[in-house]
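Here are the chains, one letter per residue:
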Amino acid sequence: MEKFLMQKFKFLLLFLLAITCQVQAAKNPEYTLVIETFDWGPAVNKVIIALDAPAKTANMADYEVVAERSHSCAVIPPAFAKGNRTVVYAYISDGKGNRAEEGSFATLVLYVAPNSPITSALQYSQKAECRGNQWVDYKVTVTNTKTNEVWSKEKGKIRPLADDFDFSGKFEYEPGKSLTYADFKPKTSSEKTPLIIWLHGGGEGGTDPSVALMGNKATNYASPEIQKYFGGAYVLVPQTPGAWMQDKDGKMQSGNGEDAYNVGLMALIKNYVNTHPDIDKKRIYVGGCSNGGYMSLKLLLKEPGYFAAGYISALAYQSQYITDSQINSIKHIPIWFIHAKDDRTTDPVKTAVPVYERLKKAGAKNVHLSYYDHVTDLTGMYGGENFHFNGHWSWIYSHANQSHTEFDGSDVLLNGKPTTLMEWMAAQKKK
């Protein structure tokens, strides 16, 4: 009996050793994550792995990818903390994911979708100590099911467009009080270059401006498609430690009180402009969403002679707190509002619609409101018009440069021809 048990133990040991040997780390077990910003936010959509030898082909069916999302403070539901990622394509590339006929890397393209939390690089937190959008610790384990090689060590991250920004900006507007910011500097030979300012929403506050930039697709203002309208433009993305609508006591207000940040923010903007003498002071544009939409309008009201135009989505500034005198003070400023009828966070009936109507009644000649029934999938990949995002997310149309309609549904015209938000804005110049 004892001999039988010993033989059984040896067999079990050999079996376990065999299984252990089947799964082995690749000679170079490192991988690089690609985090791209989509209409709904940043997602991990590629992983680049190092191969043991140069190859000409890669088969997506040979790979399995398991992702793990964690954060030291934000609570991540178990269903969204770990799961399989679907590989939809694979190709041979260089170490940056650029396609190559022959190379020592393989890039695995991963499925992403707005309703797939396991793909997201951010986690929204309700906890007071880490409120808002937070970068998660995103780890993957890649297995080649044919060779049993495993890649499980992160080498780095690539963030298309976002990596063209500098995230080190910090401006002290009062002793001990600072605002952080990200900025993009265009490559242009123009003597004078316009400036696009984007102000983030309520979920992107803090001291990491990459969240303010990538929490939604503000990276797109540095894209070649949008930059071409301006002949190259600076992009400035300031970040508040809390929320733009907070007063000095940390309470939120909708225009009925004085926020704590507009003076410091305006000082930051002026300092940035003055330290970049090639910025065209006649072509400075300010826009934002929700909290940032509130602050954009606040700056226009405070400094009606400073900006060339405004572009505001999901406005959170309530019309009832704006006087007729203030409306008259900004009726000369070109402004394009964007809002959805089903916005349950910033009610358009209290914000964008009456502000727009009051401006038009006051004689504003260049004010527009693109007013949507719903915020839909612009790509057509997830249902198109039949897919509805949160109605508050009307900034999707701004970032994608897909706004082109007036309040009544007709086309906005520029020099008699239909135009888009960014093409229109690039044509605005302070007189």
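Residues numbered from 1 in each chain as written. Predicted model: local features only at pLDDT ≥ 70, side-chain atom pairs only at ≥ 80, totals over all residues. Heavy atoms only, no water.

Draft legend 1. Representation of the nonpolar core. Among the nonpolar cores identified, the biggest contains 70 residues, and Val 47, Ile 49, Leu 108, Val 140, Val 142, Phe 230 and Met 425 are the most heavily contacted of them. Setting aside chain neighbours within four positions, we find Phe 230 in contact with Pro 194, Ile 196, Arg 283, Tyr 285, Met 422, Met 425 and Ala 426. Within the second largest apolar cluster, 47 residues are counted, among which are Val 286, Leu 299, Ile 327 and Ala 364. (Core = buried A, V, L, I, M, F, W, Y, C linked by side-chain atoms within 4.5 Å. Buried < 20%, exposed > 50% of the residue type's maximum accessible area, 1.4 Å probe, protein only. Contact = heavy atoms within 4.5 Å.)

Draft legend 2. Highlighting the environment of Gln 326. Mapping Gln 326 onto the fold places it in helix α6 (residues 324-330). Classification of Gln 326 by relative accessible area gives partly exposed; the value is 26%. In sequence terms Gln 326 and Ile 92 are 234 residues apart; their C-alpha atoms lie 59 Å from each other. Dropping the residues within four chain positions of it, Gln 326 is found in contact with Leu 301 and Tyr 321. (Helix = DSSP H or I, 4+ residues; strand = E, 2+ residues; numbered from the N terminus.)

Draft legend 3. Spatial organisation of the packing of aromatic side chains. What the rule picks out here adds up to 20 aromatic pairs. Ring centres of Tyr 234 and Tyr 272 lie 6.2 Å apart, and the angle between their planes is 85°; this geometry places the pair in the edge-to-face category. Taken together, the residues span a long stretch of sequence, with Tyr 234 in strand β16 (residues 234-239) and Tyr 272 in helix α4 (residues 262-274) at a distance of 38 residues. This pair shows no difference in class: Tyr 234 is buried, exactly as Tyr 272 is. Ring-pair connections join several aromatic residues into one group, and the members of that group are Phe 38, Trp 40 and Tyr 382. In this structure, Arg 99 is placed above the aromatic ring of Tyr 91, and the distance from its NZ or CZ to the ring centre is 4.7 Å. (Phe/Tyr/Trp six-rings, centres within 6.5 Å; stacked < 30°, edge-to-face > 60°. Lys NZ or Arg CZ within 6 Å of the ring centre and 35° of its normal.)

Draft legend 4. Representation of the side chain of His 399 in the model. As for its position among the elements, His 399 is in helix α8 (residues 395-399). When its relative accessible area of 1% is taken as the criterion, His 399 is described as buried. In terms of polar contacts, His 399 uses its side chain to reach the side chain of Asn 216, at 2.9 Å. Residues contacting His 399, with those up to four places away along its chain left out, are Trp 198, Asn 216, Lys 217, Ala 218, Asn 220, Tyr 221 and Ile 226. (Polar contact = N/O pair within 3.5 Å; in protein donor to acceptor, adjacent residues only side chain to side chain.)

Draft legend 5. Representation of the sheet that holds strand β14 (residues 177-184) in the model. Taken in spatial order, the 8 strands make up an open sheet running β13-β14-β16-β15-β17-β18-β19-β20, and their pairing is mixed. Each end of this open sheet is capped by a strand with a single partner; those strands are β13 (166-174) and β20 (367-372). Across the sheet, the axes of successive neighbouring strands diverge by a mean angle of 20°, strand direction being ignored. Taken together, the 3 bridges between strand β15 (residues 193-199) and β16 define a ladder with parallel strand orientation. Within β16, the residue paired with Ile 197 across the bridge is Leu 236. (Pairing = 2+ DSSP bridges. Axes fitted to C-alpha atoms, helices over the stretch in contact; angles between N-to-C directions.)

Draft legend 6. Seen up close, the sheet that holds strand β2 (residues 30-38). Spatial strand order, β6-β7-β3-β2-β12: 5 strands in an open sheet with mixed pairing. Of all the strands in the sheet, the pair left with one neighbour each is β6 (87-93) and β12 (153-158). If you compare each strand with its neighbour and ignore which way they point, the axes differ by 30° on average. As defined by bridge partners, β6 adjoins strand β7 (residues 103-110) across 6 bridges and the pair is classed as antiparallel. If you follow Ser 93 over to β7, its bridge partner there is Phe 105.

Draft legend 7. Region of the structure containing unusual backbone geometry. In this structure, Leu 161 is a non-glycine residue whose phi angle is positive, near 70°. According to the relative accessible area criterion, Leu 161 is partly exposed, its value standing at 23%. Its identity as a non-glycine residue notwithstanding, Asn 415 has a phi of 55°, on the positive side.

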